Structures are given as C-alpha cells and as structure tokens.
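Here is what each chain is made of, one letter per residue.
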Amino acid sequence: IHPPKHIQVLDFWVYYLFGLVQQSIIRDLRLDLFRALLRMEIGFFDANKTGEITSRLTSDTAEMANDLTWVFRFSLEALVRIGGTISYMLVRSWRLGLLAIAIVPITAIVNRYYARFLRQNQKSVQTALAGANVVATECVSSIRLVCIFWIFFRIHTYTTTTTTTTTGGCEENE
C-alpha cells in the first residue's frame, strides 16, 4: 500500500528542501570555522594536532549541521502531529483530548533526559573520530617522508651492491 501521489510529491520537496538547507548550513559553518582558523595565533597550531583541526573542519561541522536540521525538521513535524492529534481528540472526546494534553509534559521530560544521553554519547563518538582522524592525517602527511627515506635506502643498497659487484668484493687500498 503506497501513499497517494500528492503525499509522495510533498515528501520529496520536504527532503529536498531540508537537504538544501542542510548543505547551506554545512558550507556556512565550514567557511566561518576556516576564517576563524586563519585568524588564530601560530601557538594554536602548535598546541593542536592537524588531524584534530581538520576533523573539526570536516566531520564536526557536518555532524552539527545534520543535528540542527534533524532537530528542526522533526520538531516541526512533531508539533504538527501533536497539535493535529490533540485537536482531533478534543473534537472526538474532550476527556481523551485532556488526557493527551496531560501526557505531553511527561513525554517532554523523558525526551529531555534521552537528549542529554544522546549528546554525551555523541561527544564521545566525535572525540573518538577526531582521534582516529589525527592518526590518519599524521600517517598520510608523513607518507612522503617515509617514501623518500625508503627511496634513499634502496639507492644506498643498490649503490653498495653495485660497488661490491664491480670491485669483486675487494676493497681498494690507498
């Protein structure tokens, strides 16, 4: 059983517009953060690892924008549903409507505690992601140096091998 076509069209526009707003928020957050980073003192970059900074610039801004749009979208959707449900209940039975109104504060309190739990969990996940990003960034940024040392080692090994081969293993006496 599929929803009517006009509901599907409205659903498409809701997702599209929220996605558009979300991408705009991400872009604005990243630009603001990047501008702020450029104004930082050099000591800031000495005290903070490159991976942490880039993680904040990429992952954290996207996560924050996702959370903002998610909260806005679902809060708006919840308000419309709750308002519609309570209105319908008040029209059908005023006692049932009052019961629904009485349950709203209890539900809000439970949601508040759950939101605190999610926020704490998200902080630990973001910290772990930042740590992983630090390791990855340091490895990737150091790979050129490792490759250069490997090349020099291979050249040294080649030179030593060819020198030994051309002299027949005999050292030249001076």
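Residues numbered from 1 in each chain as written. Predicted model: local features only at pLDDT ≥ 70, side-chain atom pairs only at ≥ 80, totals over all residues. Heavy atoms only, no water.

From N to C terminus, the protein chain includes four helices and zero strands. In sequence order, the protein chain lays out its α and β elements as α-α-α-α. Judged by the C-alpha coordinates and their principal axes, the protein chain covers about 110 × 45 × 30 Å. Each of the 174 residues in the protein chain was classed as buried or not, and the buried ones make up 12%. If you take every contact in the protein chain between residues at least 6 apart in sequence, the share linking residues at least 24 apart comes to 69%. Accessible surface, the protein chain: about 14,400 Å² in total, of which carbon and sulfur atoms supply 68%. Put simply, the protein chain has 17 plus and 14 minus side-chain charges, and the middle of one group is 21 Å from the middle of the other. (Helix = DSSP H or I, 4+ residues; strand = E, 2+ residues; numbered from the N terminus. Buried < 20%, exposed > 50% of the residue type's maximum accessible area, 1.4 Å probe, protein only. Contact = heavy atoms within 4.5 Å. Areas by Shrake-Rupley, 256 points an atom, 1.4 Å probe, with all protein chains shown as cover. Lys, Arg positive; Asp, Glu negative; His and termini not counted. Charge placed at Lys NZ, Arg CZ, Asp CG, Glu CD.)

Together, Val9, Phe12, Trp13, Tyr16, Leu17 and Leu20 give the surface a local cluster of nonpolar side chains, amounting to about 610 Å² of exposed area. Mapped onto the elements of the fold, Val9 is located in helix α1 (residues 5-38). The exposure class of Val9 is partly exposed, given its relative accessible area of 46%. (Patch = residues over 30% accessible without salt bridge, like charges linked within 9 Å, V, L, I, M, F, W, Y side chains within 5 Å. Salt bridge = Lys/Arg side-chain N within 4 Å of Asp/Glu carboxyl O.)

We now examine the confidence of the model for the protein chain. Per-residue confidence for the protein chain gives a mean pLDDT of 79, with 90% of residues at or over 70. When mean pLDDT is taken per element in the protein chain, helix α2 (residues 42-47) scores highest with 85 and helix α4 (residues 94-166) scores lowest with 79. (pLDDT = per-residue confidence, 0-100.)

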